[in-house]
Each structure stands twice: as C-alpha cells, then as structure tokens.
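# Coordinate analysis (summary)
Here is how the chains run, residue by residue.
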Amino acid sequence: MFSFLKRVFVNTAAMLLSYLLFSVVVVLLFVGVLAALKQPVVTVTQGAALVVDLGLNIVDTPPDADPLEPIRHAMGNDRPSSVSLKSMIDSIDAAADDTRISALYLHGTLLPGGYGTSYATLHEVRQAVERFKAKGKPVVAFTDSADVRDYYLLSSAGELHFHPMGLLNVAGLASEMPYFGRAFEKYGIGIQQATVGKYKSAGEIYTRDSMSEADREARTALVKGIWDAVIVGIAHSRQYDEAALRTISQEEGIVQATRAKELGLVDHLSNFDEVLARLDTIAGHDDEAKTFKQISLSDYALALPEQKPESPVKAKTNAEIAIIYAEGEIVDGDGDQGQIGGDRLARRIRQLRKDDDVKAVVLRVNSPGGSAQASEVIYREMKLLREKKPVVVSMGGLAASGGYWISMESDRIFAEPSTITGSIGVVVLIPHIDELANNFGITFDGVKTGPYADVFTISRPKTDAEMRIFKNFADTVYSGFIERVAKGRSLPEDKVRELAEGRVWVGTDAIQRGLVDEIGGLYDAIDHAAERAALGDNYTIREVPRQKSFAESLEDLMQGNGAGTKFTGPVKSLMRQVEFELGKLSALTDPNHTYLRLPYDINIR
C-alpha cells in the first residue's frame, strides 16, 4: 500500500510540475508575442559609446528574429548569438557620423560557427573600424585572451587593452581535419568515389586516415595565403613591421601579456574595471546604469532609421539593388536552414528578374559548393537574370567549386584577400552500407530487368562498369565547368584547365590568375552594381532572403526548427567539428551523386 501511495504521489507531483512548467512557457511566449508586436523605442544617449560584444557569429544572411528573446531578456541575457555582416558594418559606419556616439568599444572573443566569421568577413569589419577611427573618434578594445582570429579584429582598435594574465596567440594558422576512413571501414560503411582534378579531394575525409600529398600541397598554400593577409592587416593597424611580426610568430607564438606589451603588440595591460574607468572618461557616466554611457550594437541597429533618415530623393524612388545571399552547402530541392536549396535560390532569382523595381543584383556567395545539378539550376537562373539587369558577385569567406560555378554569370566579381575560391573540379561520392547492414543481420535481395537497373542502390558496392558510368558523367560535368569558367572569365579553355584540377586559391592569388576581378567587400560590389545600373545614390537595398519576423520564427521554434547547440572549449569544439563533418553526408543530395564541392571545409584556427 505504501509503495502504491508513493507512486501515486510521485506521478501526481510530476504531472503538476509539468503543468506548471508548461504554463510558465506559455506565459513567457505570450509576453514575447506582446513584446514583439510593440515596436521597440531605442534612444541614443548623447556621448554614448557603441558597444560591440564579439561573443557572436558574424554571418552573411540576416539572422531571423529570436522568438526566445523576451525570455532571454528576462533572464538577463540580451546577447544575440549571431549578427549579419551588413548590419554590423552599417551600424559602425552610421556611428562614425553620429554626433551622439563618442567612441567604439570592442570586447570579448569571437564565436565562429558554420561558415560565419571567416577571415574575409573580419577584413570587412576591420575596414569599418578603420573608417570609424578616421573620423577622429576613439576605438577601445579589451579582451582577456585572444587567438589569431580575435587579434586580427581587435588589432584594428586605436587602444588595445589586454588582461595582465592573458595569452596572445600569434603562432599562425593551422588546418586540421578529422578523417573517418578507418571508422567507416570498422563499422561497414563504404564510400566509392570518382574524381576529376588532381586536387579534388572532397571524399578523402570519408575514405582515408590522413591527407593526400596533393591535398597537403594545396592546403599549405591556402593557409599560407590567408596568414599573409592576416599579417598584412595586423601590421598595418598596429604600424608594425611585417618581418618582425613573422619572427615573433615563428620564435614565440603564444605570448604572455607582459611580453605582448613589451613587444608593442598591445597598448595597455588593464583589468576590466580599469577599462570601464577609461570608457567613463570618454563617454561620461550614466548615473542610472552606474556605468559609462553606452548602447549595444543590436540596439543601435534598431535606432538606425531614427538617426539616419533617407534623403528626400532616395525616399521617393522605387529603384532597388537586391542583395541575394547564397550561404551554406548547395543541395537539391529547397534545402534546410543553413543550406542553399537549388530550387529555392533559383526561385528567388527568378522573382528578382521579373521585378521591375529591382535594377541590379548583388549575389553574395559564402559556400563551399555541393550538388552539381543544383548548382546548374542556380547558374541557369543567374544567366537569365544577367540578360535583363546588371549582376555583381561579392565573395565572402568561401566561394569555391559549386559556389564558384554559380558566380560565373556576372559582370564583375569582388573577393577579399583571404576569400577561398576556385576548386574547379568534380567528385562522385557513392556510399554503400551492405557490410553495416549485415552486421545487424540485414541482407538485401531483389530482381532487375537489366545490369544497371539498380545502379543507384546503396545496398552494395558499384561494379567497375557502373563506376565507369559515373566517371564518364563526372568528366562531362568537369568539361561543362571548364566551359562556363572560360566563358564567364573570358579565358581560353586551356588556361582554365591549368588553373583547375580542383585547386583552391585565396582572393589575391585568384586575381592574379583572372578568376576574380577585384579585391573588395560587399559595399564595393553594391557601389559597382549601382554604377552599372546608372542609379547614382537614387536606390534602396533589398535583402533576399529577408529577416524572418517574430511570428515566423516562433512558428519555426514550435515546429522544432531552432538553432543548434552552441559549443565552447577545445573538447566541445572538436565534437562540433566532427558533428559538422558527418552532418555534411546528409547534404549529399545530388541525384547523380556528382558534386562541385570544396575538398574540405577549411577549419583554420
């Protein structure tokens, strides 16, 4: 009897607790809906410093409204997990001209994720910081410790404060990948591949236990190219000798705070309270908040329309320049969140082509490529679009393989010095799970009308004759890739074949080889598009896809389409990388198993 009553009590308590928790969630979501329906009023205090907390991921595509923001706010966590590059640049540039903003304060460490916060992205942010400094306003930065990526951005500040117990990493860049060949072999997962291009090593992480010599050669050159761009940027901002910086990197690498100050790599060794006191003297004190006058980047972005009205001429025009974002893996169909669905992007391009208000289009590419068929679907719509209006490409951190393929129908291509591009090659990846299935007692059998009727099955390895079919198709796709690049870049096909072979290039190398036109960022591409369309300043910007509303994001949350877990620390970072690499198997959606894919995602730290 006692056990029975105990179970009844426990079950009843659990039901009541579940009901209570559900009620709390409903109330909080209701409050969130009410808060979202009410337009926030953001005011900028005279003399405030614009505060940029770097503990986020800088992405290209505008992040959707966070349906949990009211709950996070109630819990005292107002920090967004990501911000769009354009929003960050717009805010810093606007603050530079805003008489109410006295300074820019950068603090914290970056949290890159997916294809965000690349060195190319940080180069554009650094340029915005440099423009802010050029207005004669102070830029203060503070961090406890900094890796290369953090220091690359923070070094652009006029005053770099470093914690006395901090470590500064200037050791250079490294690129390390997990290889699953042995694991797949152990568990009975087979991957067959056919590649076109000496350096097209996209399948190696699934079939090998180490990198090939060709991959090592290409990756070494790539990492060196990005490191050169980082060295140049840091040396310029710090007014430091490049050769001396390289020597420190080679001989010391990880520098303690006192040594960093001695070498002139940082300006001040400061505790957090000392930095706050410094900002108090610059921005003035907010008696109510009991700290310096400030406004966060996210709040200031909301205040932009208030402090930066459109000109009367611009307000009357219907002329638009559309920025269409192509960020993530290229997959067939509509794709999932964070992917470039070939059909979905093609549909958006088609809508822009038919919209008379859109006078020019900027395609912002941040993609390692993916499905060959989906890339061609996008390419076709880009071709039709370019026949009607100017098209300019802005390359972010990645515009390789399929990401390069879809860039070919454009009037001009802009890239950053550290943009990863090229990778003109093709790979066929075909998995088979017969051994894995057999280990669990599962076997396959069937009938067919011809020797190739079940060629697409994953229940067995492909025969040599079947692999020849896929290899021939890969050769055809490769020839089409060469042809499109030759036409799009006005290069002889023989020259393109020399540059192809799946080789990856950084932006500066790509310019020398004619694969891109000019070093420049997103706004350089926008300015060029406006010039080609003869718009002057008489236009507005439309972003595609647009930021989802609160209601749309709430619907996604209720359907389980929320963001993934955020990982920090070295062990969890490794887990994230392994999950990310294995997750790419789900993006192998091409119906012909043929991919225009970067050999690997360049994990550089």
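Residues numbered from 1 in each chain as written. Predicted model: local features only at pLDDT ≥ 70, side-chain atom pairs only at ≥ 80, totals over all residues. Heavy atoms only, no water.

Below, the discussion takes up the overall build of the chain. Check the secondary structure of the chain and you find 23 helices and 26 strands. For the chain, with 605 residues in total, the buried portion stands at 50%. Within the chain, contacts between residues separated by at least 24 positions form 78% of all contacts whose residues are at least 6 apart in sequence. Accessible surface, the chain as shown: approximately 28,600 Å² in total, 54% of it carbon and sulfur. (Helix = DSSP H or I, 4+ residues; strand = E, 2+ residues; numbered from the N terminus. Buried < 20%, exposed > 50% of the residue type's maximum accessible area, 1.4 Å probe, protein only. Contact = heavy atoms within 4.5 Å. Areas by Shrake-Rupley, 256 points an atom, 1.4 Å probe, with all protein chains shown as cover.)

This paragraph deals with the sheet that holds strand β10 (residues 268-269). Paired through their backbone hydrogen bonds, the strands of a sheet run either parallel or antiparallel. The parallel open sheet is built from six strands, whose spatial order is β10-β6-β5-β4-β1-β13. The sheet is open, and its two edges are formed by β10 and β13 (294-296), each paired on a single side. In terms of strand pairing, strand β6 (residues 159-162) meets β10 through two bridges, oriented parallel. Its bridge partner lying in β10, phenylalanine 162 is registered against leucine 269. In the packing of helix α3 (residues 85-97) onto the sheet, the strands contacted are β1 (48-53) and β4 (101-107), and the crossing angle to β1 comes to about 160°. Helix-sheet contacts for helix α4 (residues 119-134) involve β4 and β5 (139-143), and the interaxial angle to β4 is about 145°. (Pairing = 2+ DSSP bridges. Axes fitted to C-alpha atoms, helices over the stretch in contact; angles between N-to-C directions.)

As a further point, take unusual backbone geometry. Residue valine 544 is joined to proline 545 through a cis peptide bond whose omega torsion reads 5°. Along the chain, proline 545 turns up in the loop between β25 (540-544) and α22 (550-558). For serine 401, which is not glycine, the phi dihedral falls at a positive 55°. Take serine 401: it is sitting in the loop between β19 (391-400) and α16 (402-405).

Here the focus is the packing of α3 against α4. Two quantities define a packed helix pair, namely the angle between the axes and the distance from one axis to the other. Viewed as axis vectors pointing N to C, α3 and α4 meet at an angle of 10°, and their least axial separation amounts to 8 Å. The orientation of α3 with respect to α4, classified from their angle, is roughly parallel. In this structure, α3 contributes Leu85, Met88, Ile89, Ile92, Asp93, Ala95 and Ala96 to the contact, and α4 contributes Thr121, Glu124, Val125, Ala128, Val129, Arg131 and Phe132. Of the residues assigned to the contact of α3 with α4, the class counts are 10 nonpolar, one polar and three charged. (Parallel < 35°, antiparallel > 145°, perpendicular 65-115°, else oblique. Nonpolar A, V, L, I, M, F, W, Y, C, P; charged D, E, K, R; others polar.)

On to the environment of glutamate 204. In this structure, glutamate 204 sits in helix α7 (residues 204-207). Put simply, glutamate 204 and aspartate 215 are 11 residues apart on the chain and 9.1 Å apart in space, counted from C-alpha to C-alpha. Aside from chain neighbours lying at most four places away, what touches glutamate 204 is Tyr179, Gln193, Met211, Ser212 and Asp215. At 2.7 Å, the side chain of glutamate 204 and the side chain of serine 212 are in polar contact. (Polar contact = N/O pair within 3.5 Å; in protein donor to acceptor, adjacent residues only side chain to side chain.)

A few words now on a negative patch on the surface. A contiguous patch of negative charge on the surface is contributed by Glu483, Glu493, Asp494 and Glu498. Top element by residues in the negative patch is helix α19 (residues 493-499). It accounts for three residues. With respect to the helices, strands and loops of the structure, glutamate 493 is situated in helix α19. (Patch = residues over 30% accessible without salt bridge, like charges linked within 9 Å, V, L, I, M, F, W, Y side chains within 5 Å. Salt bridge = Lys/Arg side-chain N within 4 Å of Asp/Glu carboxyl O. Lys, Arg positive; Asp, Glu negative; His and termini not counted. Charge placed at Lys NZ, Arg CZ, Asp CG, Glu CD.)

At a minimum axis distance of 8 Å, the contact between helix α14 (residues 342-354) and helix α15 (residues 372-386) shows a crossing angle of 5°. When the axis of α14 is compared with that of α15, the two are roughly parallel. Contacts between α14 and α15 involve Gly342, Asp343, Leu345, Ala346, Ile349, Arg350, Leu352 and Arg353 from the first element and Ala374, Val377, Ile378, Glu381, Met382, Leu384 and Leu385 from the second. Split by residue class, the contact of α14 with α15 holds 10 nonpolar, one polar and four charged.

What follows deals with the side chain of serine 401. Under the relative-accessibility criterion, serine 401 is labelled buried at 0%. Only 3.2 Å separates the side chain of serine 401 from the backbone oxygen of serine 423, close enough to count as a polar contact.

Let us look at helix α8 (residues 213-238). In a regular helix each residue adds 1.5 Å, so 26 residues correspond to 38 Å; α8 covers 37 Å between its end C-alpha atoms and thus fits that length. Once α8 ends, the next one or two residues include glutamine 239, with phi positive near 55°. (Expected span 1.5 Å × (residues − 1).)

If pLDDT is low for a region, its predicted coordinates should not be looked at in detail. The predicted model of the chain averages 85 in pLDDT, with 79% of residues at 70 or higher. Per-residue pLDDT stays below 50 along residues 306-315; that stretch engages in 14 contacts with residues further than four places along the chain or on separate chains. Note on residues 560-575: pLDDT under 50 across the span, and 12 contacts to partners over four residues away in sequence or across chains. (pLDDT = per-residue confidence, 0-100.)

Right, let's get into the side chain of arginine 489. When you line up the elements, arginine 489 lands in helix α18 (residues 464-489). Its relative accessible area of 12% is what places arginine 489 among the buried residues. At a separation of 2.9 Å, a polar atom in the side chain of arginine 489 contacts the main-chain carbonyl oxygen of glycine 514. There is a polar contact of 3.4 Å between the side chain of arginine 489 and the backbone oxygen of valine 516. Contacts of arginine 489, omitting those with residues within four sequence positions, involve Tyr404, Met408, Ile413, Gly514, Leu515, Val516 and Asp517.

To continue, consider the packing of aromatic side chains. Between two aromatic rings, the relevant description is the distance of the centres plus the angle of the planes. Per the counting criterion, the structure on display carries eight aromatic pairs. Residues phenylalanine 142 and phenylalanine 272 carry aromatic rings whose centres are separated by 6.1 Å and whose planes lie at 35° to one another, so their mutual orientation is tilted. Of this pair, phenylalanine 142 sits in strand β5 while phenylalanine 272 sits in helix α11 (residues 272-283), and the two are 130 residues apart along the sequence. On the accessibility criterion, phenylalanine 272 (45% relative accessible area) is partly exposed. A centroid spacing of 4.8 Å and a plane angle of 55° characterise the contact between tryptophan 405 and phenylalanine 481, whose relative ring orientation is tilted. In this pair, tryptophan 405 sits in helix α16 while phenylalanine 481 sits in helix α18, placing the two residues 76 residues apart along the sequence. The class of tryptophan 405 is buried, set by a relative accessible area of 4%. (Phe/Tyr/Trp six-rings, centres within 6.5 Å; stacked < 30°, edge-to-face > 60°.)

Once that is clear, we can look at the environment of alanine 303. By the secondary structure assignment, alanine 303 is in helix α12 (residues 297-307). Residue alanine 303 is classed as buried on the basis of its relative accessible area, which comes to 1%. In sequence terms alanine 303 and serine 91 are 212 residues apart; their C-alpha atoms lie 9.3 Å from each other. Not counting residues up to four positions away in its chain, the partners in contact with alanine 303 are Val42 and Val44.

Applying the stated criterion to the full structure yields 33 salt bridges. One salt bridge connects lysine 471 with aspartate 475, and the closest N-O pair in it is separated by 2.9 Å. Residue lysine 471 and its partner aspartate 475 are located together in helix α18, separated by four residues, close to a single helical turn. Owing to a relative accessible area of 30%, lysine 471 belongs among the partly exposed residues under this scheme. Judged by relative accessible area, aspartate 475 falls into the partly exposed class, the value being 28%.

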